[in-house]
Structures are given as structure tokens and as C-alpha cells.
Amino acid sequence: MDVASINELAADLLANAASAESGRSSVTVYSRTGARLRQTLTALAAGRVMGEHKSPGDASVLCLQGRILVHAGDAEVELGPGDLVAVPPQRHEVEALEPSVLLLTVALH
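The following paragraphs examine the structure supplied in this document. Computed from a predicted model, the values in this text were never measured in an experiment.

## Section: the overall build of the protein
Looking only at helices and strands, the protein features one helix and nine strands. Helices (α) and strands (β) of the protein occur, in sequence order from the N terminus, as α-β-β-β-β-β-β-β-β-β. At 13 Å, the protein has a C-alpha radius of gyration in line with the 13 Å of a compact globule built from 109 residues. If one aligns the C-alpha atoms of the protein with their principal axes, the spans along those axes are about 35 × 35 × 25 Å. Among the 109 residues that make up the protein, the fraction classed as buried is 35%. A separation threshold of at least 6 residues defines the contact pool for the protein, and within that pool the share at least 24 residues apart is 63%. Carbon and sulfur atoms form 50% of the exposed surface of the protein, whose accessible area is close to 6,400 Å². The positive charge centre, built from 8 side chains, and the negative charge centre, built from 13, are 9 Å apart in the protein.

## With respect to the sheet that holds strand β1 (residues 24-30)
On the basis of which strands lie adjacent, the open sheet formed by five strands has the order β1-β2-β9-β4-β7 and antiparallel pairing. The open sheet has two edge strands with one neighbour each: β1 and β7 (84-87). Across the sheet, the mean angle from the axis of one strand to that of its neighbour is 25 degrees, orientation sign disregarded. Of the pairings in the sheet, the one linking strand β4 (residues 59-65) to β7 comprises four bridges and is antiparallel in character.

Cut-offs applied
Residues numbered from 1 in each chain as written. Predicted model: local features only at pLDDT ≥ 70, side-chain atom pairs only at ≥ 80, totals over all residues. Heavy atoms only, no water. Helix = DSSP H or I, 4+ residues; strand = E, 2+ residues; numbered from the N terminus. Rg over C-alpha atoms; globule rule 2.2 N^0.38 Å. Buried < 20%, exposed > 50% of the residue type's maximum accessible area, 1.4 Å probe, protein only. Contact = heavy atoms within 4.5 Å. Areas by Shrake-Rupley, 256 points an atom, 1.4 Å probe, with all protein chains shown as cover. Lys, Arg positive; Asp, Glu negative; His and termini not counted. Charge placed at Lys NZ, Arg CZ, Asp CG, Glu CD. Pairing = 2+ DSSP bridges. Axes fitted to C-alpha atoms, helices over the stretch in contact; angles between N-to-C directions.

Structure (C-alpha cells):
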């Protein structure tokens, strides 16, 4: 089994996001050919948005650091460290209120 140091990855991703033109940096921490699950660690600089998109399957967002807003339709929820939300099966976006790291888990159908 491979162990990923999420805290070390998060620190690296935050540094990369701060200097990236897009204001974000990410790495897939779990996926494999034929897998039905994918986990991606993403860092966003303050004020940056992961633009509106639809998930390829059931998904959740776990905020590890910072504060984020998850917008879906007319609903929005603010997450802080340790907060988890199931992402509704509709178009949504994520906005960083401060430098933030999140773990996106997607069930692939």
C-alpha cells in the first residue's frame, strides 16, 4: 500500500497555487485503471474559483485548510477545515475565500 502525506502535499500545492497564473494546483492522490473512485487534492489561492462544472459521478468535498464556498444552483454552503459536503448532481463551482486546500472524492460510474 502507498501512503500519501496529505499535509506535505497540501503545503506544496498551496505554494504552487500562489504562484500559478490560474491560482490553483492539484494532484490526483488516488486513481487507477478501472477504479470506481478518484480522489484529487486541490489548492486554491484566495479569491480563485473552480469554474462551474458537473461531476462525472457522486462526489464530496472535504475542506482541509482555509474556507471555501460551494455553489450549486441557488444553494451555497461555506466550508472550513474538517467540513464535508456531498456535491449535488448538478452544475456547481467552488470559490476560495482564503488560501484553501480541499479533497474532492468522485465515484466514477
